[in-house]
Amino acid sequence: MNQNPSTGHTYKQWLVVILANFALFVSGAETSWISPMTKILQAPDSPAGEPLSDYAISWIASLMCFAAMLGTPIYAYIADNYGRKVAVMSLLYPQAMSWALKLYPTPVTLTLSRIFGGIPAGGCFNVVPMYVKEISQDSIRGVLGSLLILSQNLGVLFMYIIGAYLDYYTVQWAVLGLPIVASVLMFKAPEAPAYLVKQGKIDEAIETVASLRGLDKSDKTVQDVVDCMKEEEEKSNNTPDISITSILIDKKWRRSIIIIFIVTTLYGFSGAYSITVYAFTLLSYAGTDFEISPEVQSFSFPIVMITASFILAVFGGPPILVGAYIASAISFSVIATCFLIKKNGGSVPGWLPLSMMISCVFYFAGGIASIIFILIPEMFSFQICGKIMGVFVTYIWFIEFLQLLLYAPIIKLFGYDILFYLYATINLVSGVFTLIFIAETMGKTEQEVQNAINSKRLFKK
């Protein structure tokens with residue numbers, strides 16, 4: 001990132017990308033907020049005025065996912081019509097409102113806070129990657145793009161740490177300032193050059209590219225980058241618009257749509273998300289016999305997620321997905337068995353349920369969490385990939401909403417052991433399905449992938 005007269009610099013790109021990723025950091029904190037706060041909100045001296053029931057906690061936890069489902073199309077519209085920079089800034093304002101509402105905890109305000117936190121969560125994985133891609137030069141785009149998941153996982157870790165050591169109100173104040181400061185600093189950030197080209201603001205696009213790269217406006221590199229953006233915009237304008245309805249009913253894509261639908265449904269109920277959301281209460285119930293508290297033990301989850309995301313970047317692909325699902329099925333089975341033994345009055349080594357929960361989170365972050373982001377770009381052409389991705393990301397938020405909403409009722413009716421045996425079964429089915437019906441896509445053309453999919457017996461006419 002050092003200045004060089006001939007090659008310019010990249011430090012401005014790094015600064016802007018880090019700033020934009022504050023939205024992901026805050027979103028990660030929002031996602032994991034319920035984990036350390038459940039014990040506080042259900043305590044006799046609950047800041048909500050009275051202890052919240054398991055059903056109330058389940059509802060508050062799940063609402064974020066429901067709101068995120070609504071946020072996905074909203075932010076796609078904002079980014080396309082008002083700009084990438086405006087879209088990033090509009091992520092931060094409702095995030096700040098979410099944490100402000102948590103300072104006045106009642107069932108109503110906590111419900112509203114999760115809605116305000118969930119809507120931008122649905123837009124983060126659409127808006128921020130788009131903005132990062134369009135302001136980054138090719139040589140560092142991959143590295144800058146990897147900050148997306150890292151930022152979210154750091155947000156999860158941050159919430160686990162402050163939730164373990166600080167009181168309720170201090171936690172909310174600690175996070176509230178982040179989106180406020182980031183939104184103010186975003187006023188100085190540039191608009192994405194590709195969007196400026198789309199708006200016909202060519203001179204402004206040239207100035208932005210030159211500034212981000214530390215080059216003169218007349219530099220050939222700057223001119224080449226903007227010319228490339230102009231060509232891409234012209235190509236996009238000449239590409240016929242394909243509606244999502246026509247994609248869904250087209251026989252050419254039907255088998256791929258069915259596969260992605262099954263995969264995302266199984267993914268949504270895989271169970272690891274419940275562990276990250278309810279980590280504190282699960283570890284407390286498991287009765288781990290360490291001197292370290294369950295709150296501190298839970299720090300291992302985001303650390304493992306961060307590690308696994310780096311491993312995924314190197315070894316990702318369908319074979320990894322199969323292994324991740326099968327290993328997760330085994331881990332969930334062991335956890336369920338530990339809970340069953342505990343329910344029947346027995347005991348298990350304290351390290352066993354903890355290590356298996358860590359394994360589930362590791363396999364999820366290192367393989368399962370990426371599944372549609374790996375499969376959809378390989379199965380569908382660029383003309384429809386974005387729309388298909390939007391539909392299924394929205395669907396995943398809905399499935400995760402159901403997973404969290406049903407979590408407490410299932411435990412009340414059947415117990416922790418039955419729930420985790422169910423998660424084990426879903427992961428086993430997912431692994432078998434991935435092994436049999438999802439073709440290895442790496443290194444194949446779109447047509448080769450389609451031919452492999454259509455050759456599977458389940459999808460033959």
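Residues numbered from 1 in each chain as written. Predicted model: local features only at pLDDT ≥ 70, side-chain atom pairs only at ≥ 80, totals over all residues. Heavy atoms only, no water.

- The name recorded for the protein in an unreviewed UniProt entry is Major facilitator superfamily (MFS) profile domain-containing protein, from Pieris brassicae.
- Check the Subcellular location (unreviewed entry) section of the UniProt entry for the protein; it says "Cell membrane". (UniProt positions renumbered as here; feature names shortened; annotations may be inferred.)

1. Quick notes on the overall build of the protein
Argument step 1. Check the secondary structure of the protein and you find 23 helices and zero strands.
Argument step 2. Counting only residues that meet the buried cut, the protein has 54% of its 461 residues in that class.
Argument step 3. Counting only contacts in the protein whose residues sit at least 6 apart along the sequence, the fraction spanning at least 24 positions is 79%.
Argument step 4. Summed over all atoms, the accessible surface of the protein reaches about 20,100 Å², with 66% contributed by carbon and sulfur. (Helix = DSSP H or I, 4+ residues; strand = E, 2+ residues; numbered from the N terminus. Buried < 20%, exposed > 50% of the residue type's maximum accessible area, 1.4 Å probe, protein only. Contact = heavy atoms within 4.5 Å. Areas by Shrake-Rupley, 256 points an atom, 1.4 Å probe, with all protein chains shown as cover.)

2. Brief notes about the packing of helix α2 (residues 22–32) against helix α7 (residues 138–165)
Argument step 1. Running from N to C, α2 and α7 point in directions that differ by 45°, and their axes come no closer than 7 Å. For the element pair α2 / α7, the angle class is oblique. As for how α2 packs across α7, the hand of that crossing is right-handed. Two secondary-structure elements touch here, α2 through Leu24, Phe25, Gly28, Ala29, Thr31 and Ser32 and α7 through Leu148, Ser151, Gln152, Leu154, Gly155, Val156, Phe158, Met159 and Tyr160. (Axes fitted to C-alpha atoms, helices over the stretch in contact; angles between N-to-C directions. Parallel < 35°, antiparallel > 145°, perpendicular 65-115°, else oblique. Left-handed = near helix turned anticlockwise from the far one by under 90°.)

3. Thoughts on a negative patch on the surface
Argument step 1. A contiguous patch of negative charge on the surface is contributed by Asp227, Glu231, Glu232 and Glu234.
Argument step 2. Inspection of the secondary structure puts aspartate 227 in helix α11 (residues 220–238). (Patch = residues over 30% accessible without salt bridge, like charges linked within 9 Å, V, L, I, M, F, W, Y side chains within 5 Å. Salt bridge = Lys/Arg side-chain N within 4 Å of Asp/Glu carboxyl O. Lys, Arg positive; Asp, Glu negative; His and termini not counted. Charge placed at Lys NZ, Arg CZ, Asp CG, Glu CD.)

4. Here's the deal with the side chain of serine 136
Argument step 1. Relative to the assigned elements, serine 136 resides in the loop between α6 (107–135) and α7.
Argument step 2. Within the structure, the side chain of serine 136 is placed 2.5 Å from the backbone oxygen of valine 132, a separation counted as a polar contact.
Argument step 3. Leave out the neighbours within four places in its chain, and serine 136 touches Gln13, Val17, Arg141, Leu144 and Arg213. (Polar contact = N/O pair within 3.5 Å; in protein donor to acceptor, adjacent residues only side chain to side chain.)

5. Remarks on a nonpolar patch on the surface
Argument step 1. Residues Tyr93, Ile180, Val184 and Phe187 make up a contiguous nonpolar surface patch of roughly 410 Å² in combined accessible area.
Argument step 2. Turning to its location among the elements, phenylalanine 187 is positioned in the loop between α8 (168–185) and α9 (193–198).

6. Structural notes on the packing of aromatic side chains
Argument step 1. For the coordinates displayed, the defined rule picks out 16 aromatic pairs.
Argument step 2. Each ring, one from phenylalanine 339 and one from tyrosine 416, has its centre 5.4 Å from the other, and the planes form 55°; the classification is tilted. Of this pair, phenylalanine 339 sits in helix α18 (residues 318–343) while tyrosine 416 sits in helix α22 (residues 416–437), placing them 77 residues apart in sequence. For the pair formed by phenylalanine 339 and tyrosine 416, the shared burial category is buried.
Argument step 3. Ring plane angle 35° and centroid distance 6.4 Å describe the contact between phenylalanine 398 and phenylalanine 401, whose orientation is recorded as tilted. (Phe/Tyr/Trp six-rings, centres within 6.5 Å; stacked < 30°, edge-to-face > 60°.)

7. Section: the packing of helix α15 (residues 279–286) against helix α19 (residues 351–366)
Argument step 1. One can describe the packing of α15 onto α19 by two numbers: an axis separation of 9 Å at closest approach and a directional angle of 150°. Overall, the two elements α15 and α19 adopt an arrangement that is roughly antiparallel. Here α15 and α19 pass one another in a crossing that is right-handed. Contacts between α15 and α19 involve Leu282, Leu283 and Ala286 from the former and Pro353, Leu354 and Met357 from the latter.
Argument step 2. Split by residue class, the contact of α15 with α19 holds six nonpolar, no polar and no charged. (Nonpolar A, V, L, I, M, F, W, Y, C, P; charged D, E, K, R; others polar.)

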